[in-house]
Amino acid sequence: MSGSRLASGGCVDRSRPLRFTFDGRAYTGHAGDTLASALLANGVSVVGRSFKLHRPRGLLAAGVEEPNALMQVGEGDWSTANLRATEVELYEGLVARAVNCWPSAAFDIGAVLRPFERFLTAGFYYKTFMWPDWHLFEGHIRRAAGLGRPSTEPDPSRYETHYAHCDVLVVGGGPAGLAAAVNAAAEGQRVIVCEQEPRFGGRLLWDSCTVEGKALAGSAASHWVDEQLAALDAAGATALPRTTAAGYWDHNALTLVERVTDHLGPNAPKHLPRQRLWQVRAGRVVVATGALERPLVFPGNDRPGVMLATAVRRYLGEFGTRAGDRLVVFTNNDDAYATAQAFAATGGEVVAIVDSRAAPAAAVAARAAGFTVHTDAVVYGTNGRPALRSVKVRVGPEGGAKTRTLNLSADVLAMSGGHSPTVHLFSQSGGKLEWDASHAQFRPGAAVQAVHAVGDAAGVDTPMTPLWTVRGSGKAFIDFMHDVTANDIELSAQENFRSVEHLKRYTTLGMAPDQGKTSNVNALAHMGEVTGRTPDAVGTTRYRFPYTPVAMGALGGRQRNELFRPVRRLALHDWHTANGGALEEYGGWMRAAYYLQPSEDPHAAEQREALAVRQGVGIFDGSPLGKIEVSGPDAAWFLDRFYCNTVSTLKVGKLRYGLMLNELGVVIDDGVVARLAEDRFLVGTTTSGATRIAGLMEEWLQCEWVNARVLVAPITTSIAVITLTGPKARAVVEAVGVDFPCDAASFPHMSFRDGHFGGVPARVCRVSFTGEVSYEINVANSAVAGLWQRCMEAGAAHGIAPIGIEAWMLLRTEKGYLHIGADTDGTTSPQDIGWSQVLKRDVDFIGRRSLTRTANLAPDRYQLVGLEPIDGAELRPGRHLRGATVSSGSEGYITSGVYSATLGRWVGMAMVRGGHARSGEVLEVVTGGKPFKARIAPLCAYDPQGDRLRD
Amino acid sequence: MLRIPCPWCGPRDEPEFQCGGQSHMVRPEPWHEVAEATWGDYLFTRQNPKGVHLERWGHVNGCRQWFNVARNTVTHEIVAVYGMTDPVPASVAGAKP
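Examining the packing of helix α10 (residues 486–494) of chain A against helix α12 (residues 520–531) of chain A
Each packed pair of helices is defined by two parameters, the angle between the axes and the distance between the axes. Residue and element names in this part refer to chain A. Between α10 and α12, whose axes approach to 10 Å, the crossing angle comes to 50°. By the criterion of interaxial angle, the relationship of α10 to α12 is oblique. Viewed along their axes, α10 and α12 form a crossing whose handedness is right-handed. Within the contact between the two elements, α10 uses Ala486, Ile489, Glu490 and Ala493 and α12 uses Ala523, His526, Met527, Val530 and Thr531. Classifying every residue of the contact of α10 with α12 gives six nonpolar, two polar and one charged.

Regarding unusual backbone geometry
All names here are of chain A. The peptide bond linking Arg385 to Pro386 adopts the cis configuration, its omega dihedral lying at 0°. Among the structural elements, Pro386 can be located in the loop between β23 (377–383) and β24 (390–395). Residue Phe545 is joined to Pro546 through a cis peptide bond whose omega torsion reads -5°. By the secondary structure assignment, Pro546 is in the loop between α13 (535–538) and α14 (552–556). Notably, Asn82 is not glycine yet its phi reads approximately 60°, a positive angle. Looking at the element boundaries, Asn82 is found in strand β7 (residues 78–84). The partly exposed category is assigned to Asn82, around which 18 C-beta atoms lie within 10 Å. A positive phi angle, near 55°, is found at Asp483, a position not held by glycine.

Considerations on the domain arrangement of chain A
Along its sequence, chain A is organised into domain 1 (4–132 + 139–145), domain 2 (159–289), domain 3 (295–417), domain 4 (626–717) and domain 5 (858–950). Using only C-alpha atoms to locate each centre, domain 3 of chain A and domain 4 of chain A end up separated by 79 Å.

So, the nonpolar core
All names here are of chain A. Ranked by size, the top nonpolar core spans 156 residues in total, and within it Met71, Ala181, Val191 and Leu413 carry the most contacts. Residues within four places of Leu413 in sequence aside, it is in contact with Gly305, Val306, Val328, Phe330, Val379, Thr382, Leu388 and Val391. Judged by nonpolar contacts, the second largest core, of 107 residues, contains Val710, Ala762, Ile800 and Val898.

So, the pairing of strand β21 (residues 349–355) of chain A
Residues and elements named next belong to chain A. Across the seven residues that make up β21, a large majority, six, are buried. Bridge analysis of strand β20 (residues 326–331) against β21 gives six bridges, and the strand direction is parallel. Bridge pairing in β21 links Thr331 to Asp355. In this fold, the crossover linking β20 to β21 by way of helix α7 (residues 337–345) has right-handed handedness. Once you follow β21 into helix α8 (residues 361–368) and on to strand β22 (residues 373–374), the crossover reads as right-handed.

Description of the sheet that holds strand β18 (residues 306–308) of chain A
Within the open sheet, the five strands sit side by side as β18-β26-β20-β21-β22 (chain A). Their pairing is parallel. The sheet is open, and its two edges are formed by β18 and β22 of chain A, each paired on a single side.

So, the interface of chain B and chain A
Put simply, an interface is often sized by how much accessible area is lost when its parts join up. Contact residues are listed per partner, giving 22 residues for chain B and 21 residues for chain A. The set of elements that each furnish at least two residues to the side of chain B that touches chain A consists of α1 (36–44) and β4 (52–58) of chain B. The residue inventory of the side of chain B that touches chain A, partitioned by class, reads ten nonpolar, six polar and six charged.

Brief notes about the sheet that holds strand β6 (residues 70–75) of chain A
Residues and elements named next belong to chain A. In spatial order, the strands read β3-β2-β8-β6-β7; together these five strands make up an open sheet with mixed pairing. Each edge of the open sheet carries a strand with a single partner, namely β3 (25–31) and β7. On average, each strand axis in the sheet is tilted by 35° relative to the strand beside it, whichever way the strands run. As paired elements, strand β2 (residues 13–22) and strand β8 (residues 94–98) share three bridges and run parallel to each other. Note on β8: the bridge partner recorded for Thr21 is Val95.

Thresholds, definitions, all that
Residues numbered from 1 in each chain as written. Chains lettered and ligands numbered in written order. Predicted model: local features only at pLDDT ≥ 70, side-chain atom pairs only at ≥ 80, totals over all residues. Axes fitted to C-alpha atoms, helices over the stretch in contact; angles between N-to-C directions. Helix = DSSP H or I, 4+ residues; strand = E, 2+ residues; numbered from the N terminus. Parallel < 35°, antiparallel > 145°, perpendicular 65-115°, else oblique. Left-handed = near helix turned anticlockwise from the far one by under 90°. Contact = placed C-beta atoms within 7 Å. Nonpolar A, V, L, I, M, F, W, Y, C, P; charged D, E, K, R; others polar. Buried ≥ 20, exposed ≤ 12 C-beta atoms within 10 Å, placed from the backbone. Domains from an automatic or database assignment. Core = buried A, V, L, I, M, F, W, Y, C linked by C-beta atoms within 7 Å. Pairing = 2+ DSSP bridges. Right-handed = clockwise from strand over helix to strand, strands pointing away.

Right, here's the structure in full:
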């Protein structure tokens, strides 16, 4: 094989040379080239190695279906794996390497496997590496088989997402697509037409076509394309080149990937994104995606120099590149004859046309034009290393009396096994495919969405007679990318993996990055041959997103790093950051985990903050806690059902802690509810439950208790909360100033007052998550910064310290207060956390019936208990607990565990099987190293009588 | 991606909605008379028709209203949209809730 650039012809600009490297060697191509056409023009015959067997491979195709030329393009952070060379447009300085080979495609160390390749049949790895365990080998095998490598550096490119609506979306900018788009635009429809190639025109760029009754070729064809594009432009239609329709979803939603600057390489203008993902909703979709040519399956069909007939023609016509000097055509249809004509027209030698059909009409005309045509003939082998030198041809039936064989010298073999309409998108839309036996192809059948196919995508009517496999010695490839041969299909049938789904998984057929574009129909037909079925009886798998591989970056768009999702900042954000707050995301909010002082580590900060609360006063930003106002004549009735405990008996001005369940009886949230008036409540939720609980309330009110007169208003973000907690909290509250008495008798625990704090309207709630006297001061966001500062000044005399989440969690663990989602999971019932009293309620609250299901009453459920360390045990969350005397499995696990400086020991909470009945029992804490021991104890380790918080 | 006609806001894309599953579920009561198997069915047993399915959707990232949708599970065509308390429209009568 010795491809070369012709003196004229094609869309390449011979006056603009572009330098590039392939496998470390320097080459020159031209503007308008793809990497594939430039390699071909430079006479490079081996462009890659096959996936499993490391066989040398050349270009098979010229388009997206190319299975052999997989490239790693670019270097460093601008490096992309597994691009097909046929899709990579050449730019100055392009650096490409063939994947799956080392050091190069031409000389590949991995090819040492080749003497063993007859053993490497379908299922080889699974059968061979079963003992003792597949996973022992999997890593090594995958490394040996891997294709390209992703860059390990962050992607420096920018990607965009664009939403669009149109009346008609035309997929494919060839003759059929352009005609459909222009017609729709002329009717006043809003039209988008996308073309995956850089140039519109499709087949008109390299072939002669009949369009609307007129035969077009050469300059007439390009003139027609220009006219259509001008008409679309004039009508305001959107024409997108370099844009692939990758996915077709429900209700005519399609995903298009526009490669905006890929063709300019890493030095593309920075103001443009690299790719743009289009999410299009179309009234109607026209699939004008053309057809893909199928290879013929014969021994030696993967030798570099064996190409698809249309590919040979396209390289000639579009890229002015001839794949070699001496051509043999092997075909079962009329279309490949055009390749012989085009090849001869550029001065190439057409050695012979080998047609498998007995007496095709096309042969008569070709002979009249001076071509040598062998009919009833097949290619049964090829020679040449690494690239094609000769072709073995058999004329007449195998073993026939008059059958003769020929050895034809050739460096290009153009093969054509017929055409498969590109039905991928139509199938993705849910449409059925129909088998057309006379043209051996799947055509679009009945549609379920507003879509239809036009042009070759609707069916290719070229006269043909199927020829599925040619016998002979040597491997005959069906799936080039995954090295699946005709023999593998036979082995699969023999081992009874006959259904298309089994065949696919057993042989990995069609599962390579090309998703079987050139192999699917040949594989189904061959499976049909060996099992006595037609290809449609073997069946097809449904095509899926994406049509061609899509970069993860394009799917992510701008949603990376800080834009991954909206960051929610507190009104006091600036104060927290200015005062050493280490901000982390909790329930969607950026909150301080702790406030570091100079030369302090996080653990020291947490301990210092916790001690400040126990000994003096701490100040905590509790603003993100969920707040939902529930009002209406039936509000109390509703909350009696929404909580598993009673709310309606709560007096105005009082607070009550409550649990919420789902219908399965599982604890989903907790919090404190305040009764503001007879018909008005303020429901507190956890930070992460704020949105979810308000949504659930709406769902229950709208879908179940539709007659309840209740209004739900989520008001979390309209109120800021300053929490002062500790024995000196009251002193700080009084120093800043409130307009109501603050002593324990007139303002007791679990009540609230509406009034003023520091002269600002405020609601002050006495509720405690730390076990110390606490005041949660609700004020407007606009007032919180000033009040916070005044608290800091008033608290200075008492050693006031800002408290982060870590210390906050430490304090509540000392008290045995549970944290939803840490101490509970998706199976935890109220009984499991010690709330058996809810069983006494007769009200049909959410989840009520589930609480007495047999499974919920089982004695060995995981139940929440406290843990006391023995001999300095470290009670770290997640550690499992084992019976001290029984060598059984896990008895439970630690859900919360902290070192308490106040108590001078670790404090833990744990879920233990049947834990409530096991008080005092000693369990082993599994650490991976030396185990500790711990005793089951009451949940509350600090001030169990609660005297301090009621003070 | 479905395009769902919210009765209040008009057609909107699926990400604005939350699917609440099968609609017209009857909550068994009073709770202390509900057999365990009946309650289990209410919690876990659902229709899975090939054809029209009656389900509820909430426009949770929009107007926050819940409504009923009759959707063909084969073609994903939405054949009817109606209020939470409305009867099943005649056009989809016979469809499984």
